[in-house]
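# Remarks on the overall topology
Here are the chains, one letter per residue:
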Amino acid sequence: QARVTGGMRQVFALRAMSSEALTFKDYPFLAELGLKEDNPGNFNGSWGGSGESITTYSPATGKPLARVSTTTRDEYEATMTAMDEAFKIVRNVPAPVRGEIVRQIGNAVRDRVDELGALVSLEMGKIKAEGVGEVQEFIDICDYAVGLSRIMAGQVLPSERPGH
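Structural notes, computed from the coordinates. (Residues numbered from 1 in each chain as written. Predicted model: local features only at pLDDT ≥ 70, side-chain atom pairs only at ≥ 80, totals over all residues. Heavy atoms only, no water.)

### Things to note about the nonpolar core
In plain terms, the rule: Residues belong to a common nonpolar core when they are buried Ala, Val, Leu, Ile, Met, Phe, Trp, Tyr or Cys residues joined through side-chain atoms within 4.5 Å. For every residue, the accessible area (1.4 Å probe, protein chains only) is compared with the maximum for its type, and the residue is labelled buried under 20%, exposed over 50%, or partly exposed between those bounds. Here, residues are in contact when the closest pair of their heavy atoms is within 4.5 Å.
In terms of nonpolar packing, the biggest core is built from 8 residues, these being Phe 24, Phe 29, Leu 30, Leu 65, Ala 66, Ala 118, Leu 119 and Leu 122. Ignoring any residue separated from it by four or fewer positions in sequence, one finds Ala 66 in contact with Leu 22, Phe 24, Lys 36, Glu 37, Asn 39, Ile 54, Thr 55 and Thr 56.

### Describing the pattern of salt bridges
Put simply, the test is: Here, a salt bridge means any Lys or Arg side-chain nitrogen found within 4 Å of an Asp or Glu carboxyl oxygen. Each helix is a run of H or I in the DSSP string that is no shorter than four residues. Each strand is a run of E no shorter than two, and both are numbered from the N terminus.
According to the stated counting rule, one finds 7 salt bridges in the structure shown. For the salt bridge of Glu 77 with Arg 73, the shortest nitrogen-to-oxygen distance reads 3.8 Å. Within this pair, Glu 77 and its partner Arg 73 are both found in helix α3 (residues 73–90), separated by 4 residues, close to a single helical turn. Residue class for Glu 77 comes out partly exposed when judged on its relative accessible area of 39%. Residue class for Arg 73 comes out exposed when judged on its relative accessible area of 64%.

### Regarding the side chain of Thr 79
Relative to the helices and strands, Thr 79 is located in helix α3. Under the relative-accessibility criterion, Thr 79 is labelled buried at 11%. Among residues more than four places away in sequence, those in contact with Thr 79 are Asn 42, Phe 43 and Asn 44.

### Points about the packing of helix α4 (residues 95–111) against helix α6 (residues 128–148)
Inclusion rule: In this analysis an axis means a line fitted to C-alpha atoms, helices contributing only their contacting stretch, and an angle means the value between N-to-C directions, from 0 to 180 degrees. Put simply, angles under 35 degrees are roughly parallel, angles over 145 are roughly antiparallel, angles from 65 to 115 are roughly perpendicular, and the rest are oblique. For a crossing to be left-handed, the near helix must be turned anticlockwise from the far one by less than a right angle; the clockwise case is right-handed. Gly is put with the polar residues, along with every residue not named as nonpolar or charged; the nonpolar set is Ala, Val, Leu, Ile, Met, Phe, Trp, Tyr, Cys and Pro, and the charged set is Asp, Glu, Lys and Arg.
Here α4 crosses α6 at 160°, and the two axes come no closer than 8 Å. When the interaxial angle is binned, α4 and α6 end up roughly antiparallel. Like other packed secondary-structure pairs, α4 and α6 cross with a definite hand, here left-handed. Residue-level inspection shows Gly 99, Val 102, Arg 103, Ile 105, Gly 106, Val 109 and Arg 110 of α4 in contact with α6, the latter providing Val 135, Phe 138, Ile 139, Cys 142, Asp 143, Ala 145 and Val 146. Residue classes in the contact of α4 with α6 are distributed as 9 nonpolar, 2 polar and 3 charged.

Structure follows, in structure tokens:
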């Protein structure tokens, strides 16, 4: 027999309260990040997801924040197929070019570090400084990866110049 702890009881109780009003509007930074009360949960070239809708809750307050749509099996399979096809292309892109893409991603995250830190704080029930710290760690990893894209680690890296 499975043992239900106090924390698990709280999660089950929260799931039963899904008709409670969303508190999305209490957090303006969510809209600044492009989030809405109802959000698509699958990306396959564009956002979608026509599966069941899941309500997300603040671990700090237990109140519902927003909803995200899940992916159907067919949507999942199509996304995985598209990913496999994209990998066949990306694996032939020279590492310095991929590094440049990672640099741009890191810079885009750097531009929104406060809002993203607030999101991590809200979703994980952490203080904002910890949320910002987690986002900064991601930025640091991007910076590190950019550097790695220009070093040789036992393999010959293809030139970024076409036909070279």
